[in-house]
Amino acid sequence: VRLKGTEDIFGPQALCFDRIETSARAVFKIFGFEELRTPYLESKKLFTHALGTGTDVVQKEMYEFLDKSGEVVALRPEGTAGIVRAYLENNFHKTQPFCRFFYLGPMFRRERPQKGRLRQFHQIGAEILGGESPYSDAEAIHCLTALLDHLGISGYTVKLNMLGTMDERQAFKKTLLDYFKPQAAALCEDCQSRLEKNVYRVFDCKKEFCRAIVSRAPFLVPDAPLLPRELSARSHEHFDLVRKALEKNGISYRIEPTMVRGLDYYTRTVFEITHPRLGAQDALGAGGRYDKLVESLGGPATGAVGFAIGVERLLLCLEAPEDADKSFVNFFTIATIGEAAFHEGFRLLSELRTAGLAVAMDFQGKSMKSQMRLADKMRSRYAIILGDTELTRKIFVLKNMETGTQEELPLTEAVSELKKRTL
Ligand SMILES: [Zn+2]
């Protein structure tokens, strides 16, 4: 039995996964990102270090276990920590200090299973390491929207916020506590403990009475970043340049002053893409700048920005995913009657495959009727029919599985004739 929150991916869904991954690779290539595949399994320390011990991911959701060697290992709950570890471990910071990496693959979090949230889920992400330029922030967002556009997903919203540097966040924390502490009794239990652990997380609370208190906060200015007064001139300038670069790329966005993101490592720019089709938990992808992470994992001070997007969430936003079902897995299926025809069919199978055509064939000596049923099940567009009569005439019958029409073609012309049908 499958474990809770895991999925077998096949049929149309597998084709959608393929479509998404193919699009992602194409877009990353255009933007100059290289693939970096990190292990699914890492030392637990990497994630507690990178994500912060106070985060839900580390506290409640990580799959971790004691390896026989005595080391505590974990299945990766996200992609950024592993990329930064690999960046340092492979000396990219010395040999190629400015890098653009992308990754795609499964992530693991022990969350309560619900629609679009799995315990083994898939993410596509990108990281730009080695620069503090606000243009890199805009580039990350542009790459993300380009991927959505490539997939034909429309109607999404880009949300943007400026969190300030770690020091600025620290200064703003006092403002937040001064506001929330006197009304702590009116906040939910979770938020009360957030006041102690990470007051920023109060903004993530979905409870109505907590949200009401948040919405009345005097420091929230419409269309302005979260902490206008505490921001340094440099952070203000950074944010302005990100906005200008987005505008130059033709990307519209909305400033969302209460968007803080769940992980501790974000600094300055954070962003999120939401889609109405996802309901209450409407984030499709998100990211931001994390200028302290490389340093905190033992490297030199290194600016960095990245994003991740959930593949299962993308699936929910795809237009006409059923189109994937119409794509033909095996374009041609060879169906034969009699031993001589089987051998000629088998020879043809090899010839066509060598020529790069997608062909399948039944080897079990089934009846013509069940071979045709198989062709249909495998979503073949054409059946190639061969019997003794066809063999003596050195021809084969080509049946269009959609229209049912048949034609006779010379066996010697098989490759060139069938290639024409795939155009
Ligand atoms: Zn709350």
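Notes on the structure in this doc start here. (Residues numbered from 1 in each chain as written. Predicted model: local features only at pLDDT ≥ 70, side-chain atom pairs only at ≥ 80, totals over all residues. Heavy atoms only, no water.)

### A word on the side chain of threonine 274
Applicable threshold: Each helix corresponds to a stretch of at least 4 residues labelled H or I by DSSP, and each strand to a stretch of at least 2 residues labelled E; elements are numbered beginning at the N terminus. The buried label goes to any residue with under 20% of its type's maximum accessible area, the exposed label to any with over 50%, and the partly exposed label to all in between, with areas taken from a 1.4 Å probe on protein chains only. We call two residues in contact when some of their heavy atoms are within 4.5 Å.
Summarising the element assignment, threonine 274 is placed in strand S9 (residues 267–274). With a relative accessible area of 4%, threonine 274 lands in the buried category. When near neighbours in sequence (up to four residues on either side) are disregarded, threonine 274 contacts Tyr156, Thr157, Lys159, Asp282, Ala283 and Leu284.

### Examining the nonpolar core
Counted only if it meets this: Remark: nonpolar core denotes a set of buried residues (Ala, Val, Leu, Ile, Met, Phe, Trp, Tyr, Cys) joined through side-chain atoms within 4.5 Å.
Ranked by size, the top nonpolar core spans 55 residues in total, and within it Leu129 and Phe180 carry the most contacts. Among the elements that line this core, the one with the most residues is helix H4 (residues 80–89), at six residues. The contacts of phenylalanine 180, once residues within four sequence positions are left out, are Leu187, Leu195, Val199, Val202, Phe203, Ile213 and Val214. Residues Ile20, Phe31, Leu148 and Ile153 belong to the second largest nonpolar core, which totals 46 residues.

### Observations regarding the sheet that holds strand S2 (residues 41–43)
Strand pairs in the sheet, formed through backbone hydrogen bonds, run parallel or antiparallel to each other. Applied cut-off: Whether two strands pair depends on DSSP finding at least two bridges between them. Angles here are taken between N-to-C directions and fall from 0 to 180 degrees, while the axes themselves are lines fitted to C-alpha atoms, restricted in helices to the stretch in contact.
The three strands lie next to each other as S2-S4-S3, forming an open sheet whose pairing is antiparallel. Every interior strand has two partners, whereas the edge strands, S2 and strand S3 (64–66), have only one. Mean inter-strand twist for the sheet, computed between neighbouring axes without regard to direction, equals 35 degrees. Note that S2 and strand S4 (residues 72–75) share three bridges and pair antiparallel. What sits directly across from leucine 41, in S4, is leucine 75. Contacts from helix H2 (residues 44–51) reach S2, S3 and S4, with the element oriented near 75 degrees to S2.

### A word on the coordination of the zinc ion
Rules: Nitrogen, oxygen and sulfur within 2.8 Å of a metal are treated as its donors, or within 3.2 Å for sodium, potassium and calcium (Na, K, Ca); water is not counted, so a site can appear incomplete. Tetrahedral means four donors with every angle between 85 and 135 degrees, whereas square planar (four donors) and octahedral (six donors) require angles over 155 degrees between opposite donors and between 65 and 115 for all others; sites fitting neither are termed irregular.
Summarising the metal site, the zinc ion is bound by the protein donors Cys188 (SG), Cys191 (SG), Cys205 (SG) and Cys210 (SG), whose distances to it range over 2.2 to 2.3 Å. In this structure, the zinc ion is coordinated by four donor atoms arranged in tetrahedral fashion, with angles at the metal of 105 to 117 degrees. Counting residues between consecutive donors of the zinc ion along the chain gives the motif C-x2-C-x13-C-x4-C. On the criterion of sequence distance, the pair formed by cysteine 188 in the loop between helix H7 (166–180) and helix H8 (189–197) and cysteine 205 in the loop between H8 and helix H9 (208–215) is long-range, its members being 17 residues apart.

### Quick notes on helix H15 (residues 368–377)
Those residues of H15 not exposed but buried are Ser370, Gln371, Met372 and Ala375. Taken together, the buried residues of H15 touch strand S12 (332–336), strand S14 (382–386) and strand S15 (395–400). Phi for arginine 379, located one or two positions after H15, is positive at around 55 degrees.

### A short note on the pattern of salt bridges
The condition is simple: Definition used for salt bridges: Asp or Glu carboxyl oxygen within 4 Å of a side-chain nitrogen of Lys or Arg.
Applying the stated criterion across every chain yields a total of 23 salt bridges. For the salt bridge of glutamate 344 with arginine 347, the shortest nitrogen-to-oxygen distance reads 2.7 Å. With glutamate 344 and arginine 347 both in helix H14 (residues 339–354) and three residues apart, this pair spans about one turn of that helix. Judged by relative accessible area, arginine 347 falls into the partly exposed class, the value being 39%.

It is worth stressing that arrangement in space is one thing and function is another; only the former is reported here.
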